[in-house]
Amino acid sequence: MKKQQKHFLIAVIAGVLLYFLLPEANGLTKAGVAMLSVFLPTIYLWLTCGTSWTSLLSVTVAVLLGTYAGANAYGTLWGNVVGAAVIPFLMVATVLEESGAFEWIVKWIISRKFIHGRPTLFMIMFTLAMIVISIFTAPQVVAVLFFKLLEDVTTSIGYSKKDGFYKSQGLLIGWVSQLCDGTLIWGRPYILTMVAIVAGLGFGNFTAATYFKFAGLYLLFAVVVAILMVKLWMRPDVSKFKSFDDAAMREELKKNPISKRGKIALAGMAVILLCYILASMEFLGPIATYFSGITIAAPVTLVCALLCVITVDGKPVMDFGKAASKVPWGMIVFLGAIMFYAGAVGGDDYGITLCLQNILGPVVAKMPIIVTIVIGLIVASLATNFCSNTVSGVIVCSSCIPALMSVPGINQAQVLAFGCAVIAICGTAICTLSACPLMGIIYSDIGIEYKGTAKYSVAFCAVMIVICVAILIPIGTGMFAGLV
């Protein structure tokens, strides 16, 4: 029997035992027992067998057990609005990558005259370029692009891939690109699903735009910490940096401007982002209401379709079949399954949230709230470095948030700020080789060696937990006061 089959058998046995032995107690209903008998083994399968076929199977078993109406379940799995927005967005991003638009933008940013001979300013602009590109695409794409550019820059100024300069900037690529995946709301399946989870736990007004208010601060602090760690702790030799020929790069950009295809795709992305921004500006009244009502999926899909109609040199800007073939469909299925459970875990018919409140509430009530928050963030940070960020976030939020909300007199805005911190912390998966798919690129032939990096990454995560507890959660509590 193969390892995957063994894990599957273990999950089946665990599910059967839960279904027949888990009592209807502490508010948990019969439907809740059935749902947990599917959901908990599914988490095990996600950790051991991946998240694609396991997600398809999980939702199907929930339907077969009668815990959820089939039409609604599959409607959520395949027809959720998050997937409807993410799929065409990834297709548009593919065009931007293939057209060379991303590379041109990065080279423009890091070739500004004022960074000549100033390695710290170069590092800041290099990081800024990563954040800009991360708005539009996945961290894996960002990492591949920036390592390619880093190797060119490193070689041009007389360093090798074994030197501290390359290693320090390479570690920065890993940290920042993964940080953006947990804090930049646009096109991020992980963030959108986690927002749905937290909203389903009792914060109905919580949206991705709301999360960004917290996440933007988290990203700002994290980037500052990352740059300071490289500059003050790693302290790479930058004596040769004066040889960096930024003028040659600027000349190259003049000779090779962005292609017409890339410019059209960029214009499409600008329209998408504008629509998203308009939807979040409540002071615009009916304009914001309109764009919120159509959801961001509408302008993304429209742009995607128009790029298939607009032609350059007789060819469409987007080849629909080619772009669709590059969509990570396993991730889309996982996204749909998470959206399915987001609606189920907090549903009154199941009593799962009530059960957790009744069991964990008394325990949490005996501890200072700050202790529970610290423990929750530590568990989240540890878990995300060994398994999926979404799975880690679901586990911590689904257990800690209901427990905190059951404490008499607790500030609900503080609980929501804690939920935001968990989402951001679980997105900071940078310490181990298995922390996230991106690490497979960072620690590869095109990236850097893993040896010697763990101490920096662990320290980075520890500092971010402290910042969350001491600064960001208090700020978030005041920020969300009018929301709950």
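Residues numbered from 1 in each chain as written. Predicted model: local features only at pLDDT ≥ 70, side-chain atom pairs only at ≥ 80, totals over all residues. Heavy atoms only, no water.

Enquirer: Please set out the overall build of the chain residue by residue, giving values where relevant.
Expert: Helix and strand counts for the chain come out as 23 helices and 2 strands. Relative to its length of 484 residues, the chain is compact, with a C-alpha radius of gyration of 23 Å against a globular reference of 23 Å. By principal-axis analysis of the C-alpha atoms, the chain measures approximately 70 × 60 × 55 Å. Across the chain, the fraction of contacts at a sequence separation of at least 24, relative to all contacts at a separation of at least 6, is 78%. As presented, the chain carries roughly 20,700 Å² of accessible surface, and 67% of it is formed by carbon and sulfur atoms. (Helix = DSSP H or I, 4+ residues; strand = E, 2+ residues; numbered from the N terminus. Rg over C-alpha atoms; globule rule 2.2 N^0.38 Å. Contact = heavy atoms within 4.5 Å. Areas by Shrake-Rupley, 256 points an atom, 1.4 Å probe, with all protein chains shown as cover.)

Enquirer: Break down the packing of helix α3 (residues 53-64) against helix α4 (residues 70-79) for me, with residues and values.
Expert: When two helices pack together, their arrangement is given by the angle between their axes and by how far apart the axes lie. Look at α3 against α4: their axes get within 9 Å of each other, and the N-to-C directions meet at 165 degrees. As summarised for this structure, α3 and α4 are arranged roughly antiparallel, according to the angle between their axes. In the crossing of α3 with α4, the sense of the turn from one axis to the other is right-handed. Packed against α3, whose contacting residues are L56, V59, T60 and V63, the element α4 presents G70, A73, Y74, L77 and W78 at the interface. Here the contact of α3 with α4 is built from residues that sort into 7 nonpolar, 2 polar and no charged. (Axes fitted to C-alpha atoms, helices over the stretch in contact; angles between N-to-C directions. Parallel < 35°, antiparallel > 145°, perpendicular 65-115°, else oblique. Left-handed = near helix turned anticlockwise from the far one by under 90°. Nonpolar A, V, L, I, M, F, W, Y, C, P; charged D, E, K, R; others polar.)

Enquirer: How would you explain the packing of aromatic side chains if you had to name every residue and give the values?
Expert: Tallied over the full model, the rule gives 17 aromatic pairs. With a centroid separation of 4.8 Å and an interplanar angle of 65 degrees, the aromatic rings of Y68 and F340 are classed as edge-to-face. Placement of Y68 in the loop between α3 and α4 and of F340 in helix α17 (residues 329-345) is noted, with a sequence separation of 272 residues between them. Given the relative accessible area of 1%, F340 is considered buried. Ring pairs connect the aromatic residues F39, W46, Y68, F334, F340 and Y341, which therefore count as one cluster. Its end group placed over the ring of W108, R112 keeps NZ or CZ at 4.1 Å from the ring centre. (Phe/Tyr/Trp six-rings, centres within 6.5 Å; stacked < 30°, edge-to-face > 60°. Buried < 20%, exposed > 50% of the residue type's maximum accessible area, 1.4 Å probe, protein only. Lys NZ or Arg CZ within 6 Å of the ring centre and 35° of its normal.)

Enquirer: Kindly report on a nonpolar patch on the surface, identifying the contributing residues and their values.
Expert: Together, F8, L9, V12, I13, V16, L17, Y19, F20, L21, W53, L57 and L65 give the surface a local cluster of nonpolar side chains, amounting to about 1,100 Å² of exposed area. Elements with a contribution of two residues or more to the nonpolar patch: α1 (3-21) and α3. Ranked by residues supplied to the nonpolar patch, first place goes to α1 with 9 residues. Within the element layout of this structure, L57 appears in helix α3. (Patch = residues over 30% accessible without salt bridge, like charges linked within 9 Å, V, L, I, M, F, W, Y side chains within 5 Å. Salt bridge = Lys/Arg side-chain N within 4 Å of Asp/Glu carboxyl O.)

Enquirer: Tell me about the pattern of salt bridges, and please be specific about residues and values.
Expert: By the definition in use, this model includes 6 salt bridges. Of the charged contacts, one joins E98 and K326 as a salt bridge, the two residues approaching to 2.4 Å between their closest N and O atoms. Of this pair, E98 sits in helix α5 (residues 81-98) while K326 is found in the loop between α16 (320-325) and α17, placing the two residues 228 residues apart along the sequence. Exposure remark for E98: the relative accessible area of 30% places this residue in the partly exposed category. E252 is the partner of K107 in a salt bridge, and the nearest nitrogen-oxygen pair spans 2.9 Å. One end of the pair, K107, is in helix α6 (residues 101-110); the other, E252, is in helix α12 (residues 246-255), and 145 residues separate them in sequence. The class for E252 is partly exposed, based on a relative accessible area of 35%. Sharing partners across several salt bridges, the network here consists of E103, K107, K148 and E252.

Enquirer: How would you sum up the nonpolar core? Please name residues and give values.
Expert: Counting 170 residues, the largest nonpolar core has F146, W175, Y211, L377 and F460 as its most contacted members. Counting residues per element, this core draws most heavily on helix α11 (residues 208-234), at 13 residues. Ignoring any residue separated from it by four or fewer positions in sequence, one finds L377 in contact with F418, A421, V422, I425, I465, C468, V469 and I473. (Core = buried A, V, L, I, M, F, W, Y, C linked by side-chain atoms within 4.5 Å.)

Enquirer: Any chance you could break down the packing of α6 against α12 for me, citing the residues and the numbers?
Expert: The interhelical angle for the contact between α6 and α12, taken along N-to-C directions, is 145 degrees, at an axis separation of 9 Å. By crossing handedness, the relation of α6 to α12 is classed as left-handed. Contacts between α6 and α12 involve W104, K107, W108 and I110 from the former and M249, E252 and L253 from the latter. Per-class residue counts for the contact of α6 with α12 are 5 nonpolar, no polar and 2 charged.

Enquirer: Kindly report on the environment of L382, identifying the contributing residues and their values.
Expert: With respect to the helices and strands, L382 occurs in helix α19 (residues 369-384). Linking L382 and A138, residues 244 residues apart in sequence, is a C-alpha distance of 23 Å.

Enquirer: I'd like a rundown of the side chain of T54, residues and numbers included.
Expert: Relative to the elements of secondary structure, T54 occurs in helix α3. The contact partners of T54, leaving out residues within four places of it in the chain, are L45, W46 and C49.

Enquirer: Describe in detail unusual backbone geometry, supporting the description with residues and values.
Expert: Here N26, not a glycine, exhibits a phi torsion of approximately 60 degrees, which is positive. You can see N26 is positioned in the loop between α1 and α2 (30-49). A positive phi is found at R235, a non-glycine position, where the angle reads about 45 degrees.

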